[in-house]
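# Observations on chain architecture
These are the residues of each chain, in order.
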Amino acid sequence: MRISDKNKNSYSYGYTKKQHNQDNCLNFIKKSSFVTSYDRTPEDLSLAQFAFCGRSNVGKSSLINAILNRKLAFTSKSPGKTILINVFLINENFYIVDLPGYGYAKRSKELRNKWKNSIEGYLLKSTLLLCVFVLIDSRHPAQDSDLMFIEWLKANNKEFSIIFTKADKSKQKDISDNIKYLKSRFGEFNFFITSSKKKKGTDKLCGFIEKRLNNMPYQNL
Ligand SMILES: Nc1nc2c(ncn2[C@@H]2O[C@H](COP(=O)(O)OP(=O)(O)OP(=O)(O)O)[C@@H](O)[C@H]2O)c(=O)[nH]1
Ligand SMILES: [Mg+2]
């Protein structure tokens, strides 16, 4: 699958077979373990972090498992599975943070507010948060809750990348339309196109994480 050469920031999985086979995640992720869960804003974590955010059921936990190459995060067909802030330690030098999904209407307003406060509190307070990954289901246009969340990140000067998920189920045109709309609204942004099911795009994502950790310039191809 190739979106378009015009999408210069794209880290889609439309690259050569050779590049496909170089699974950076397998080379890069040497060790992973579950650390703890929080039902409130975590204290300031002492290692670098990457947070996975997005609507319920978008595929946050599945993507984390695809990167780690093991089933460490809970996944489910029914939305709202991740109800805590789950922290995973990687290579003993950084954390991946799996956040509860936003925009899940079936939860009580009280619970949604509690999550909103603890997620926003975490994102605002964590000084070592290197990048917030905003996951969007590539099959559908970004929802209001996604747009509001991205606006909030921008307003608070938080570095973010967008990850389009479930690309095995979407059409190239839907992804292109989504990107076009988001660019018209937010300007240029870094993005990845992934499928946890087919393990696509994860290598590019790991390459990005590695570069951010090493404070190396990240070149968008
Ligand atoms: N086809 C396909 N299905 C996927 C993919 N990623 C996740 N899913 C499915 O989507 C559903 C939700 O996945 P989760 O990873 O639990 O989603 P989540 O964002 O963590 O959900 P919450 O924890 O409820 O916020 C599960 O049925 C997954 O199997 C993908 O790349 N392709
Ligand atoms: Mg989850």
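Data block above holds the structure.
My aim in this report is to walk through the structure given alongside it, one point at a time. A quick note: this is a predicted structure, and the numbers were derived from the prediction, not measured.

Glancing now at helix α4 (residues 109-125). In a regular helix each residue adds 1.5 Å, so 17 residues correspond to 24 Å; α4 covers 24 Å between its end C-alpha atoms and thus fits that length. Of all the positions in α4, only Trp 115, Ile 119, Tyr 122 and Leu 123 are classed as buried. Looking straight down α4, one finds its buried side chains confined to an arc of 95°; they lie on one side. Along α4, the residues that are exposed and aim more than 90 degrees away from the buried face are Lys 109, Glu 110, Asn 113 and Asn 117. Packing partners of the buried residues in α4 comprise β3 (48-54), β4 (85-90) and β6 (129-137).

We now examine the nonpolar core. Most often, soluble globular proteins have nonpolar side chains that are buried together. In this structure, Ala 51, Phe 52, Cys 53, Phe 133, Val 134, Leu 135 and Ile 163 are the most contacted members of the largest nonpolar core, which totals 49 residues. Take this core: its biggest share by element is 6 residues, from β6. Not counting chain neighbours up to four residues away, the residues in contact with Phe 133 comprise Phe 50, Ala 51, Phe 52, Cys 53, Ser 161 and Ile 163.

Neighbouring ligand 1 are 24 residues, the closest being Gly 59, Ser 61, Ser 62, Thr 82 and Gly 101. Take the shell around ligand 1: its biggest share by element is 3 residues, from helix α3 (residues 60-68). In the shell around ligand 1, the residues fall into 3 nonpolar, 14 polar and 7 charged.

The rules behind the values
- Residues numbered from 1 in each chain as written.
- Chains lettered and ligands numbered in written order.
- Predicted model: local features only at pLDDT ≥ 70, side-chain atom pairs only at ≥ 80, totals over all residues.
- Helix = DSSP H or I, 4+ residues; strand = E, 2+ residues; numbered from the N terminus.
- Expected span 1.5 Å × (residues − 1).
- Buried ≥ 20, exposed ≤ 12 C-beta atoms within 10 Å, placed from the backbone.
- Arc of directions from axis to C-beta.
- Contact = placed C-beta atoms within 7 Å.
- Core = buried A, V, L, I, M, F, W, Y, C linked by C-beta atoms within 7 Å.
- Near = placed C-beta within 6 Å.
- Nonpolar A, V, L, I, M, F, W, Y, C, P; charged D, E, K, R; others polar.

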